[in-house]
There are 4 protein chains.
Amino acid sequence: MSMHPDFQPKPTELVYEAVAQHIAARIETGELKPDEPLPSERRLAHEYGVSLGSARHATRLLRYRGLVVTVRSKGTYVAERPAREEIAHARGPR
Amino acid sequence: MSMHPDFQPKPTELVYEAVAQHIAARIETGELKPDEPLPSERRLAHEYGVSLGSARHATRLLRYRGLVVTVRSKGTYVAERPAREEIAHARGPR
Amino acid sequence: MSMHPDFQPKPTELVYEAVAQHIAARIETGELKPDEPLPSERRLAHEYGVSLGSARHATRLLRYRGLVVTVRSKGTYVAERPAREEIAHARGPR
Amino acid sequence: MSMHPDFQPKPTELVYEAVAQHIAARIETGELKPDEPLPSERRLAHEYGVSLGSARHATRLLRYRGLVVTVRSKGTYVAERPAREEIAHARGPR
DNA sequence: GTGGTCTAGACCACA
DNA sequence: GTGGTCTAGACCACA
């Protein structure tokens, strides 16, 4: 169903949280680079085999966490590294 | 971003409505006078920092409201005062 | 290109008008019945091989002409016969 | 004025013919490759320092001569080689 | 050099 | 998963 073999949410997990963490990992590993666009929300929904609403919830979560920035009518982009680290600190060091 | 310092649409506002109201105010104050041409739609898009489509939507609105008249291939002009007042009355006094 | 073999707009025609008339004919023949939903605008765009904007323009036209009613977030439906006939009369018999 | 140093139409030449021939030469030399888009007509007008109308006249000429194909709302593209040669023959060998 | 039409495709509010 | 809004930018008809 999903195009991402690593993406196997446990039945107990929230689907949008699982998607968000999977995308976050793709950013962390550099597969998705700063200032590059994420796939569109429709495409993410399709790639992960989830509903459009869940894909949106996932990108909203990433936005709140500072990992991505959304430009209306243009797309959602991976945030630049400094912005991402500031946010990570605000939530406390790992 | 925009050349008009007063023009700061809130993210919740419709962009074309905000542009239309800003232009309407410029007509009201006499900055744009009867029978004078508005800036072209391309120029309005640039001045307000919006897409051509939104600028066109804004002038269409002003046309419906009787504030301007459009002549194809020529331009869009501020309507003469009587026409503007008729319309204003039809919608009821403020 | 398009899924509707009858749909062959001439290059001189307005695309959205051609799409609107083709859909109107499908309503007239009973292929699309009162209170039934039209295909979504995205689907219409795909079926007729036009952009989403043109498909939207076509349904807007049908709405103005009273042939369909649109419910936001739900879809666009074929208007009930009485409403359609009122409108047709208002424009005069053919 | 113009960005193309080679482009120096003689005062006796038709401007659009001179532009068309300059673009034809850019295709011939491979600077503009098959299936690649030409600059937009607005951009061509700017690059060659001519009016928008002259730029359009030039691309229309190239279209008649089979050197480019225009896709409405998309752009104008260098024709594939076979198509170009057929046309050249129809006009007689060089 | 204007307004008109059109493409392709993004996110948003809502149900 | 719909219609609504919006971006960016193409060619077209006309004056």
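Residues numbered from 1 in each chain as written. Chains lettered and ligands numbered in written order. Predicted model: local features only at pLDDT ≥ 70, side-chain atom pairs only at ≥ 80, totals over all residues. Heavy atoms only, no water.

With an unreviewed UniProt entry as reference, chain A is termed Winged helix-turn-helix transcriptional regulator, source organism Amycolatopsis alkalitolerans.

### Considering the protein's contact with DNA strand F
In the vicinity of DNA strand F, 34 residues are found, and the nearest of them are Arg42 of chain A together with Val15, Tyr16, Ser51 and Ser54 of chain B. A breakdown of the atoms of DNA strand F within 4 Å of the protein gives sugar and phosphate a share of 71%. Residue Tyr16 of chain B places a side-chain N or O atom 3.2 Å away from a phosphate oxygen belonging to DNA strand F. The separation between a phosphate oxygen of DNA strand F and a polar main-chain atom of Glu41 of chain D is 3.0 Å. Those elements that place two or more of their residues in the surface near DNA strand F are α3 (52–64) of chain A, α1 (15–28) of chain B, α2 (41–48) and β2 (75–78) of chain C together with β2 (75–78) of chain D. Each residue belonging to the surface near DNA strand F can be placed in one class, and the counts come to five nonpolar, 14 polar and 15 charged. (Near = heavy atom within 4 Å. Polar contact = N/O pair within 3.5 Å; in protein donor to acceptor, adjacent residues only side chain to side chain. Helix = DSSP H or I, 4+ residues; strand = E, 2+ residues; numbered from the N terminus. Nonpolar A, V, L, I, M, F, W, Y, C, P; charged D, E, K, R; others polar.)

### A short note on the packing of helix α1 (residues 15–28) of chain A against α3 of chain A
Packed helices, taken two at a time, are described by the angle between their axes plus the distance between the axes. All names here are of chain A. Between α1 and α3, whose axes approach to 8 Å, the crossing angle comes to 55°. With respect to α3, the element α1 is oriented oblique. When you trace α1 past α3, the crossing you get is right-handed. Along the contact surface, α1 presents Val15, Tyr16, Glu17, Val19, Ala20, Ile23 and Ala24, while α3 presents Ser54, His57, Ala58, Leu61 and Leu62. Looking at the contact of α1 with α3 residue by residue, the class counts come to nine nonpolar, two polar and one charged. (Axes fitted to C-alpha atoms, helices over the stretch in contact; angles between N-to-C directions. Parallel < 35°, antiparallel > 145°, perpendicular 65-115°, else oblique. Left-handed = near helix turned anticlockwise from the far one by under 90°. Contact = heavy atoms within 4.5 Å.)

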